[in-house]
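One letter stands for each residue in the lines below.
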Amino acid sequence: MPDEDLAREVQELRKALEELRESFAVVSQMAQAYLRLINIYAQYGGLRIDLVVPEVRSDPIAREIVRILFDLKRANVSQIARELKGRRGKASRNTVRAKLRELVELGIVIEVPGERGKVYALSREVVKKWLEMIGMPIRLDHTNDY
């Protein structure tokens, strides 16, 4: 009888120890991600989209369109133009359309069929790079957002 109690207690302790190890692994991963973010801030002065998508570094309109798509996830030309106008003070749908074509050709943005025509979203590759850079352990195959 006492041997059974001892064996049960050892099993419970093993289980508790394993749960602590799993919790420590998560906390360790979060600490590494935090340190990575601190390093990026120290090195670049902030988290900027052009760190992940250097192709938009010299194009302020394309860079802002990418930011808009990060915020909205999916949007049509009119929605992007409206948001761009709110952020920059001016925007034309023709300019937005042209920039979106460039971004699609670069593989940064994809066209997605929408309820009322084409909508645009960031490519999974761009979102994946961003999540890797900031250290977020999110697997995109489990989400339909991107």
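Residues numbered from 1 in each chain as written. Predicted model: local features only at pLDDT ≥ 70, side-chain atom pairs only at ≥ 80, totals over all residues. Heavy atoms only, no water.

Going by the annotation in an unreviewed UniProt entry, the name recorded for the protein is Winged helix-turn-helix transcriptional regulator, with Thermococcus indicus given as the source organism.

What follows is about the nonpolar core. Counting residues in hydrophobic clusters, the biggest one holds 30 residues, and the most contacted among them are Leu69, Ile80, Leu100 and Ile108. Looking at this core, the elements that each hand over two or more residues are helix H2 (60–72), helix H3 (77–88), helix H4 (93–105), strand E3 (117–122) and helix H5 (124–134). In this view, Ile80 contacts Ile65, Ile68, Leu69, Ala75, Val96, Leu100 and Tyr120; residues no more than four positions away in its chain are not counted. (Core = buried A, V, L, I, M, F, W, Y, C linked by side-chain atoms within 4.5 Å. Buried < 20%, exposed > 50% of the residue type's maximum accessible area, 1.4 Å probe, protein only. Helix = DSSP H or I, 4+ residues; strand = E, 2+ residues; numbered from the N terminus. Contact = heavy atoms within 4.5 Å.)

Between H2 and H4, the shortest axis-to-axis distance is 10 Å and the interhelical angle comes to 80°. Relative to H4, H2 is oriented roughly perpendicular. In this structure, H2 contributes Ile61, Ala62, Ile65, Val66 and Leu69 to the contact, and H4 contributes Thr95, Val96, Lys99, Leu100 and Leu103. For the contact of H2 with H4, the residue count by class is eight nonpolar, one polar and one charged. (Axes fitted to C-alpha atoms, helices over the stretch in contact; angles between N-to-C directions. Parallel < 35°, antiparallel > 145°, perpendicular 65-115°, else oblique. Nonpolar A, V, L, I, M, F, W, Y, C, P; charged D, E, K, R; others polar.)

Between the first and last C-alpha of H3 there are 16 Å, a value that for 12 residues agrees with the 16 Å anticipated at 1.5 Å per step. Taken residue by residue, H3 has Val77, Ile80, Ala81 and Leu84 as its buried positions. With its buried residues spanning 100° around the axis, H3 presents them on a single face. Exposed side of H3, more than 90 degrees from the buried face: Arg82 and Gly86 are the residues found there. Summarising the contacts, the buried residues of H3 are in contact with H2, strand E1 (74–75), H4 and E3. (Expected span 1.5 Å × (residues − 1). Arc of directions from axis to C-beta.)

Its place among the elements puts Ser123 in the loop between E3 and H5. Since its relative accessible area comes to 6%, Ser123 is described here as buried. For Ser123, the side chain forms a polar contact with the main-chain oxygen of Gly107, separated by 3.0 Å. (Polar contact = N/O pair within 3.5 Å; in protein donor to acceptor, adjacent residues only side chain to side chain.)

Think of a sheet as strands paired side by side through backbone hydrogen bonds, with each pair either parallel or antiparallel. Spatial strand order, E1-E3-E2: three strands in an open sheet with antiparallel pairing. Since the sheet does not close on itself, it has two edges, and those belong to E1 and strand E2 (109–114), each with one partner. The pairing of E1 with E3 spans two bridges and is classified as antiparallel. Within the sheet, the bridge partner assigned to Ala75 lies in E3 and is Tyr120. In this fold H2 packs onto E1, E2 and E3, with an angle of close to 95° to the strand it touches most, E3. Against the sheet, H4 makes contact with E2 and E3, and its axis sits at roughly 110° relative to E2, the strand it touches most. (Pairing = 2+ DSSP bridges.)

Considering all chains together, one arrives at one aromatic pair under this definition. Ring geometry for Phe70 versus Trp130: centroids 5.5 Å apart, planes at 50°, classification tilted. Pair noted here: Phe70 is in helix H2 and Trp130 is in helix H5, with a separation of 60 residues, a long-range link. Residue classification places Phe70 among the buried positions, given a relative accessible area of 18%. Judged by its relative accessible area of 18%, Trp130 falls in the buried class. (Phe/Tyr/Trp six-rings, centres within 6.5 Å; stacked < 30°, edge-to-face > 60°.)

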